[in-house]
Amino acid sequence: MSVVVAVVGPTAVGKSKLGALLARTFHGEIVSADSRQVYRYMDIGTAKPTAEERSAVPHHLIDVVDPDADFSVALYQSLAMDAIDQVMQRGRLPVIVGGSGLYIWSLVEGWEIPRVGPDVGFRKRLEERAAAEGAGSLYRELERIDRKTAVSIDPRNVRRVIRALEIHHTGGATLRRKKQPPFDTMIVGLTAERRQLYQMIDRRVDRMVEAGLVEEVKGLLRRGYGPDLSSMSSVGYKEICQVISGKMDMATAMQRMKFETHRFARHQYAWFRLNDPRIHWFDAGDQPEASVLRTVGEALK
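Residues numbered from 1 in each chain as written. Predicted model: local features only at pLDDT ≥ 70, side-chain atom pairs only at ≥ 80, totals over all residues. Heavy atoms only, no water.

Participant: Which parts of the structure should I look at to understand the pattern of salt bridges?
Facilitator: Two side chains that carry opposite charge are able to pair once their charged atoms sit near each other. A complete count under the given rule lists 17 salt bridges for this structure. Lys-48 is the salt-bridge partner of Asp-43, the closest N and O atoms lying 2.9 Å from each other. The partly exposed category is assigned to Asp-43, whose relative accessible area is 36%. When the shortest N-O distance is used, the salt bridge between Lys-124 and Glu-128 registers 2.9 Å. One end of the pair is Lys-124 and the other is Glu-128, both in helix H5 (residues 120–133) and four residues apart, which spans about a single turn. Three or more residues joined by partner-sharing salt bridges are found here, namely Asp-43, Lys-48, Arg-54 and Asp-63. (Salt bridge = Lys/Arg side-chain N within 4 Å of Asp/Glu carboxyl O. Buried < 20%, exposed > 50% of the residue type's maximum accessible area, 1.4 Å probe, protein only. Helix = DSSP H or I, 4+ residues; strand = E, 2+ residues; numbered from the N terminus.)

Listed below in structure tokens is the structure:
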């Protein structure tokens, strides 16, 4: 079978840089597995590769839709599989890079995802219920219906909990069936000691603000992309929206961004477990590039 390399791990650990190195070394192209980099005009807050980086190595699944468009894991999987196939047809190596466990495993494990359209009325009722009873009420219902799906969702991610309940409500199976994808995957994981990872995250937040995150968010608002959109609920964007509206000061917003990103990174380890035998883990603090190149090169032979 053909081989795909995936680079996974928590946010800010250095996946993009390592993925680009692998692509340059092994004649590859990047297939992004980032649930926020699919949106146009959202560059700084999603840490997209720069124009220079994207010209040096071809990238796919970046700037796919506008921020007010619906974008699901089913759509991602379809687009990513097409991109992988095209890369392989060119005789190049697909290198999947990203921290979205939902996206990564949908490809690697060959999930058969229910194609269920939105039920606006049902969503509205659940949103009202979440506001009245708290998000935990909906999550407990999902646990009763489908525990396996529930454990893969952050209980505080109300949109994803509602989506899972919506699929069940319309007769779709929330439990994902799997089939062998048309390729083998070698998975490289980058990790870091907790304190070091938090420092990496904090430095990234500082750089985003210095690079013009506030102006980026103002630009999105001027385009009509309001804070109620799913895309704008991302860490960084929602806090800056509150700064712009006068509901939060900048120092508090930056601290909140760092704290929420720390929490997000911890949640990513629920998707990419350090004891998962499928993942070849490397410590980002040990300058692992040579070891990664050697390990991947041996696997590709």
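Participant: What am I meant to see in the environment of Trp-105 here?
Facilitator: Take Trp-105: it is sitting in helix H4 (residues 101–108). Trp-105 gets classed as buried once you look at its relative accessible area, which sits at 4%. Separated by 167 residues in the primary sequence, Trp-105 and Phe-272 place their C-alpha atoms 9.6 Å from one another. Ignoring anything within four residues of it in the chain, the contact list for Trp-105 reads Gly-110, Trp-111, Ile-187, Trp-271, Phe-272, Asp-276, Arg-278 and Ile-279. (Contact = heavy atoms within 4.5 Å.)

Participant: So what exactly am I meant to see when it comes to the packing of H5 against helix H8 (residues 158–169) here?
Facilitator: When two helices pack together, you describe them by how their axes are tilted relative to each other and by the distance separating the axes. For the pair H5 and H8, interaxial distance at closest approach is 10 Å and the crossing angle is 135 degrees. By the angle class used here, H5 and H8 are oblique. For H5 against H8, the interelement crossing comes out right-handed. Contact residues: H5 offers Phe-122, Arg-123, Leu-126, Glu-127 and Ala-130, while H8 offers Val-158, Ile-162, Arg-163, Leu-165, Glu-166 and His-169. Of the residues assigned to the contact of H5 with H8, the class counts are six nonpolar, one polar and four charged. (Axes fitted to C-alpha atoms, helices over the stretch in contact; angles between N-to-C directions. Parallel < 35°, antiparallel > 145°, perpendicular 65-115°, else oblique. Left-handed = near helix turned anticlockwise from the far one by under 90°. Nonpolar A, V, L, I, M, F, W, Y, C, P; charged D, E, K, R; others polar.)

Participant: What's the story with the sheet that holds strand E1 (residues 2–8) in this structure? I'm lost.
Facilitator: Taken in spatial order, the six strands of this open sheet run E3-E2-E4-E1-E7-E8, and their pairing is parallel. At either end of the open sheet lies a strand with only one pairing partner, and these are strand E3 (59–60) and strand E8 (279–283). Where strand E7 (residues 183–191) lies against E8, five bridges are found, and the strand directions are parallel. The residue of E8 that forms the bridge with Val-188 is His-280. Helix-sheet contacts for helix H1 (residues 15–25) involve E1, strand E2 (28–32), strand E4 (93–97) and E7, and the interaxial angle to E1 is about 155 degrees. (Pairing = 2+ DSSP bridges.)

Participant: Honestly, the side chain of Lys-15 in this entry has me stumped. Any pointers?
Facilitator: Along the chain, Lys-15 falls in helix H1. Of the side chains with opposite charge, Asp-34 lies nearest to the buried Lys-15, which makes no salt bridge, at 6.9 Å. Of note is the side chain of Lys-15, whose polar atom sits 2.7 Å from the backbone oxygen of Pro-10. Among all residues touching Lys-15, those that are not within four sequence positions of it are Val-7, Val-8, Gly-9, Pro-10, Val-97, Gly-98, Gly-99 and Leu-190. (Lys, Arg positive; Asp, Glu negative; His and termini not counted. Polar contact = N/O pair within 3.5 Å; in protein donor to acceptor, adjacent residues only side chain to side chain.)

Participant: Which parts of the structure should I look at to understand the side chain of Glu-216?
Facilitator: Summarising the element assignment, Glu-216 is placed in helix H10 (residues 213–222). Buried charged residue Glu-216 carries no salt bridge. Nearest counter-charge: Lys-48, at 7.2 Å. Polar side-chain contacts of Glu-216 include one of 3.2 Å to the backbone nitrogen of Gly-45.

Participant: Help me out: how do you make sense of the pairing of E2 in this one?
Facilitator: Where a strand is regular, its side chains alternate between the two sheet faces. Of all five residues that make up E2, five are buried, and the element is covered over most of its length. The two faces of E2 match: Gly-28, Ile-30 and Ser-32 on one face and Glu-29 and Val-31 on the other face are all buried. As paired elements, E2 and E3 share two bridges and run parallel to each other. Looking at the pairing, Val-31 lines up with His-60 of E3. After leaving E2, the chain enters helix H2 (residues 51–56) and then returns to the sheet as E3, a path that is right-handed. (Right-handed = clockwise from strand over helix to strand, strands pointing away.)

Participant: I tried to follow helix H11 (residues 237–244) on my own but got confused; where do I start?
Facilitator: Along H11, the positions that sit buried rather than exposed are Tyr-237, Glu-239, Ile-240 and Cys-241. Turning to H11, the residues buried within the fold contact H10 and helix H12 (250–271).

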